[in-house]
Amino acid sequence: MEYRTHSPAETRALGAALARRLTPGAVVGLNGPLGAGKTAFVQGMAEALGVEEPVVSPTFAILCVYEGAVQLVHMDAYRLEDADDLESTGFYDFLDGRSILAIEWSDHIAPLLPEGIIRVAMAPLGETNRIIHIEGVDKLC
Ligand SMILES: Nc1ncnc2c1ncn2[C@@H]1O[C@H](COP(=O)(O)OP(=O)(O)OP(=O)(O)O)[C@@H](O)[C@H]1O
Ligand SMILES: [Mg+2]
């Protein structure tokens with residue numbers, strides 16, 4: 001499905017709507033250029049999952065874990081090259097069905113990810129508009 005948002009708040013709300021549909025074990029891959037709103041979308045997911053800690057870009061940490069009603073694992077795959085890199089983040093330990101995973105730049109490691117992940121593709125359209133395609137769940141709103 002395709003969605004359009006017109007502000008960061010609307011992108012967060014869409015992320016929240018997606019998160020409310022998910023069950024533990026879900027993996028969400030987010031792609032789109034720098035500043036597309038991937039982190040904003042994950043901030044909305046976190047809100048819906050009851051995470052109180054502020055969600056920041058995981059660029060330097062690569063993987064951040066947030067406790068909520070469901071644990072949220074937020075990753076940035078931009079700098080990951082291969083399965084060893086991915087393994088060293090602890091990623092595979094979080095595929096135990098207890099967490100929801102959100103991976104920015106997931107296309108970088110697409111062959112290493114489980115099948116059937118939910119894909120969020122984001123494209124800027126001017127300063128504040130974003131086109132967001134979400135595949136793998138029914139229409140959100
Ligand atoms: N409709 C919108 N949705 C999301 N962000 C928006 C929107 N309009 C403007 N913005 C701005 O775009 C930027 C999005 O930043 P964000 O960190 O979420 O992007 P990103 O895709 O995670 O980038 P990066 O690849 O650097 O991690 C923010 O500065 C935000 O305020
Ligand atoms: Mg980001």
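Up top is the structure.
Residues numbered from 1 in each chain as written. Chains lettered and ligands numbered in written order. Predicted model: local features only at pLDDT ≥ 70, side-chain atom pairs only at ≥ 80, totals over all residues. Heavy atoms only, no water.

## As for the pattern of salt bridges
Alright, step 1. Tallied over the entire structure, the rule returns three salt bridges.
Alright, step 2. Residue Arg-98 is joined to Asp-96 by a salt bridge in which the shortest nitrogen-to-oxygen separation is 3.1 Å.
Alright, step 3. Using a relative accessible area of 40% as the deciding quantity, one classes Asp-96 as partly exposed.
Alright, step 4. When the shortest N-O distance is used, the salt bridge between Arg-119 and Asp-107 registers 2.8 Å. Residue Arg-119 is located in strand E6 (residues 118-125), and its partner Asp-107 is located in the loop between strand E5 (99-104) and E6; the two are separated by 12 residues in the primary sequence.
Alright, step 5. According to the relative accessible area criterion, Arg-119 is partly exposed, its value standing at 31%.
Alright, step 6. By relative accessible area, Asp-107 is classed as partly exposed at 40%. (Salt bridge = Lys/Arg side-chain N within 4 Å of Asp/Glu carboxyl O. Buried < 20%, exposed > 50% of the residue type's maximum accessible area, 1.4 Å probe, protein only. Helix = DSSP H or I, 4+ residues; strand = E, 2+ residues; numbered from the N terminus.)

## Some thoughts on the pairing of strand E4 (residues 71-76)
Alright, step 1. Within E4, five of the six residues are buried, which leaves the element mostly enclosed by the surrounding structure.
Alright, step 2. The pairing of strand E3 (residues 63-66) with E4 spans four bridges and is antiparallel. Each bridged residue has a counterpart across the sheet, and for Cys-64 the counterpart in E4 is His-74.
Alright, step 3. Following E3, the chain reverses through four residues before pairing antiparallel with E4.
Alright, step 4. Judged from the six bridges that link them, E4 and E5 form a sheet pairing that is parallel. Paired with Leu-72 across the bridge in E5 is Ile-100.
Alright, step 5. You can see the chain leave E4, run along helix H3 (residues 83-88) and come back into E5, and the turn it takes is right-handed. (Pairing = 2+ DSSP bridges. Right-handed = clockwise from strand over helix to strand, strands pointing away.)

## Description of the environment of Asp-82
Alright, step 1. Topologically, Asp-82 is positioned in the loop between E4 and H3.
Alright, step 2. Overall, the relative accessible area of 36% leaves Asp-82 in the partly exposed class.
Alright, step 3. Placed 29 residues apart in sequence, Asp-82 and Pro-111 show a C-alpha to C-alpha distance of 9.5 Å.
Alright, step 4. Within the local environment of Asp-82, its side chain forms a polar contact with the backbone nitrogen of Asp-85, the two atoms lying 2.9 Å apart. (Polar contact = N/O pair within 3.5 Å; in protein donor to acceptor, adjacent residues only side chain to side chain.)

## Description of a negative patch on the surface
Alright, step 1. Together, Glu-81, Asp-82, Asp-84, Glu-87 and Asp-93 line one region of the surface with negative charge.
Alright, step 2. When you line up the elements, Asp-93 lands in the loop between H3 and E5. (Patch = residues over 30% accessible without salt bridge, like charges linked within 9 Å, V, L, I, M, F, W, Y side chains within 5 Å. Areas by Shrake-Rupley, 256 points an atom, 1.4 Å probe, with all protein chains shown as cover. Lys, Arg positive; Asp, Glu negative; His and termini not counted. Charge placed at Lys NZ, Arg CZ, Asp CG, Glu CD.)

## Let's talk about the site of ligand 1
Alright, step 1. Looking at ligand 1, there are 18 residues lining it, with Thr-11, Gly-35, Lys-38, Thr-39 and Thr-128 nearest.
Alright, step 2. Within the contact set of ligand 1, a nitrogen atom lies 2.8 Å away from a backbone nitrogen or oxygen of Thr-128.
Alright, step 3. Coverage of ligand 1 by the protein amounts to 73% of the 640 Å² it exposes when considered alone.
Alright, step 4. At the level of secondary structure, the elements contributing two or more residues to the shell around ligand 1 comprise helix H1 (8-21) and helix H2 (38-48).
Alright, step 5. By residue number, the principal contributor to the shell around ligand 1 is H2, which donates three residues.
Alright, step 6. Looking at the shell around ligand 1 residue by residue, the classes come out as six nonpolar, eight polar and four charged. (Near = heavy atom within 4 Å. Nonpolar A, V, L, I, M, F, W, Y, C, P; charged D, E, K, R; others polar.)

Nothing here speaks to function; it is all geometry.
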